[in-house]
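Listed below are the residues making up each chain.
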Amino acid sequence: MLKDLFRTKPKYVTVRTNRETPQQAKREIPDGLWTKCDSCGAMIYNKELEKNQFVCDKCDFHFRISATERLKLTVDQGTFERINEELVSVNPLEFPMYGEKLQKAREKTGLSDAIVTGVGCIDGQRTAVGFMDFGFIGGSMGSVVGERIVRLFELAVDSRLPVVLFIAGGGGARMQEGILSLMQMAKTSQAVEKHHQSGLLYISILTDPTMGGVFASFATLADILLAEPEALIGFAGPRIVEETIRQKLPPGFQRSEFALEHGMLDRIVERKELRPTIAKLLRMHA
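Asker: Report on the sheet that holds strand E8 (residues 224-227), specifying residues and quantitative values.
Answerer: Two pairing modes exist for strands in a sheet, parallel and antiparallel, and in both the strands are linked by backbone hydrogen bonds. Spatially, seven strands are ordered E3-E4-E5-E6-E7-E8-E9 in an open sheet, and the strand pairing comes out mixed. In the strand order of this sheet, the two ends are held by strand E3 (81-82) and strand E9 (267-268), each with one partner. Looking at chain direction, E8 and E9 are connected through two bridges and run parallel. When the bridges of E9 are listed, Leu226 appears paired with Arg267.

See the structure below:
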């Protein structure tokens, strides 16, 4: 019996078939090279998508893009100076897991909060600019977002500058900060009014999505309101409105085309035309 324990075990030959496993077949198309359009379902080569400013060349669907990408598409290269980056959100109400959520958002986006503000040139015209990022907790407005916007408008008043804001606030006011977040609606609205009383221009570009407390405050108080095609714009979402009033909403409700038709916007501008349109408006109101 002892001899049997130490006996060399027989070797087996592995026979490979021509069949590929689902995982092997999937690897034929490398990850990260193609993106599927959410509207028409077309597969778009990522380099071509980026070249076309993240707009589908088949159906003109405008993908959501980050604040960093917006900045590159809008501001003259090498002219942007960030301000108020030292302001960071904390957890004043000790809301469970809020601190962890903030940290994850910072790691995911590379941003310190849901808006980037600063001063830069748009086609050579010095402008106070801000870019909201939906990727940072839905672009929601907490104390820091509100404070950065207020300080941007105050700087614009002191320096006699126009303000251009790209809005992507689908999260509205940030519930984890309670009343401290809600008070930013009044606070930012007052800052916009002081800028308006100084005779300075404010242009707001509403992108998908612009909702809640962001929509109901500084986002829609601009002198000129622009929007990208098919952007979701409104206070409460369509599903909530439909459930509340118990009625079927009309097609395209709360999309930018619907808002334009009902007098809430001045113009819908495709992404590739945004920079020249903003530059033209700045020159006209200089």
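Structure's up, so let's keep going.
Asker: Please give an account of the nonpolar core that cites residues and values.
Answerer: Judged by nonpolar contacts, the single largest core of 60 residues is most densely connected at Val164, Ile203 and Phe218. Considering each element in turn, this core owes the most residues, six residues, to helix H6 (residues 143-159). For Phe218, the residues in contact, after removing those within four places along its chain, are Met132, Met141, Ile149, Leu165, Ile167, Thr188, Ser189, Val192 and Tyr202. Cys37, Ile44, Leu49 and Phe63 belong to the second largest nonpolar core, which has seven residues in total.

Asker: Give a description of the packing of helix H4 (residues 67-74) against helix H11 (residues 271-284) that names residues and reports values.
Answerer: Their axes nearest at 9 Å, the elements H4 and H11 cross at an angle of 55°. Taken together, the axes of H4 and H11 are oblique relative to one another. Listed contacts from H11 to Arg70, Leu73 and Thr74 of H4 are Arg271, Leu274 and Arg275. Its residues assigned to classes, the contact of H4 with H11 comprises two nonpolar, one polar and three charged.

Asker: Explain the environment of Ile137 to me, and be specific about the residues and the numbers.
Answerer: Residue position: Ile137 is located in the loop between strand E5 (125-132) and H6. Those residues in contact with Ile137, other than ones at most four positions away along the chain, are Tyr98, Lys101, Leu102, Ala105 and Arg174.

Asker: So what's going on with the packing of aromatic side chains? Residues and values would help.
Answerer: How two aromatic rings sit relative to each other is given by the distance of their centres and the angle of their planes. A full pass over the atoms with the stated rule returns six aromatic pairs. Ring geometry for Trp34 versus Tyr45: centroids 5.4 Å apart, planes at 50°, classification tilted. Taken together, the residues span a long stretch of sequence, with Trp34 in strand E1 (residues 34-36) and Tyr45 in strand E2 (residues 43-45) at a distance of eleven residues. You can call Tyr45 partly exposed: its relative accessible area is 31%. Summarising the aromatic geometry, the rings of Phe153 and Tyr202 are spaced 5.0 Å apart at their centres and angled 90° between planes, so their arrangement reads as edge-to-face. Within this pair, whereas Phe153 is found in helix H6, its partner Tyr202 is found in strand E7 (residues 202-206), the two being separated by 49 residues in sequence. By relative accessible area, which is 1% here, Phe153 ends up buried. Ring pairs connect the aromatic residues Phe80, Phe131 and Phe166, which therefore count as one cluster. In this structure, Arg64 is placed above the aromatic ring of Phe134, and the distance from its NZ or CZ to the ring centre is 4.4 Å.

Asker: Any details on a nonpolar patch on the surface? Residues and values, ideally.
Answerer: Taken together, Leu93, Phe95, Met175, Ile179, Leu180, Leu182 and Met183 make up a surface patch of nonpolar side chains, about 680 Å² in accessible area. We classify Ile179 as exposed; its relative accessible area is 61%.

Asker: Break down the packing of H6 against helix H7 (residues 179-197) for me, with residues and values.
Answerer: At a closest axis distance of 9 Å, the pairing of H6 and H7 adopts a crossing angle of 10°. If you check the angle between H6 and H7, you find them roughly parallel. For the pair formed by H6 and H7, the contact residues are Ser143, Gly146, Glu147, Ile149, Val150, Phe153, Ala156 and Val157 on the first element and Leu180, Gln184, Lys187, Thr188, Ala191, Val192, Lys194 and His195 on the second. Residues that form the contact of H6 with H7 fall into these classes: eight nonpolar, five polar and three charged.

Asker: Tell me about the state of the cysteines, and name the residues and values.
Answerer: A covalent bond bridging the sulfur atoms of two cysteines is what the word disulfide describes. Enumeration over the complete set of coordinates arrives at zero disulfides. Free of any disulfide, Cys40 has its nearest neighbouring cysteine sulfur in Cys59, separated by 3.7 Å. Of all cysteine sulfurs, the one in Cys37 lies closest to Cys59, which takes part in no disulfide; the gap is 3.6 Å.

Reading the values: rules and limits
- Residues numbered from 1 in each chain as written.
- Predicted model: local features only at pLDDT ≥ 70, side-chain atom pairs only at ≥ 80, totals over all residues.
- Heavy atoms only, no water.
- Pairing = 2+ DSSP bridges.
- Helix = DSSP H or I, 4+ residues; strand = E, 2+ residues; numbered from the N terminus.
- Core = buried A, V, L, I, M, F, W, Y, C linked by side-chain atoms within 4.5 Å.
- Buried < 20%, exposed > 50% of the residue type's maximum accessible area, 1.4 Å probe, protein only.
- Contact = heavy atoms within 4.5 Å.
- Axes fitted to C-alpha atoms, helices over the stretch in contact; angles between N-to-C directions.
- Parallel < 35°, antiparallel > 145°, perpendicular 65-115°, else oblique.
- Nonpolar A, V, L, I, M, F, W, Y, C, P; charged D, E, K, R; others polar.
- Phe/Tyr/Trp six-rings, centres within 6.5 Å; stacked < 30°, edge-to-face > 60°.
- Lys NZ or Arg CZ within 6 Å of the ring centre and 35° of its normal.
- Patch = residues over 30% accessible without salt bridge, like charges linked within 9 Å, V, L, I, M, F, W, Y side chains within 5 Å.
- Areas by Shrake-Rupley, 256 points an atom, 1.4 Å probe, with all protein chains shown as cover.
- Salt bridge = Lys/Arg side-chain N within 4 Å of Asp/Glu carboxyl O.
- Disulfide = S-S within 2.5 Å.

From the geometry alone we can't say anything about function, so treat these as descriptive.
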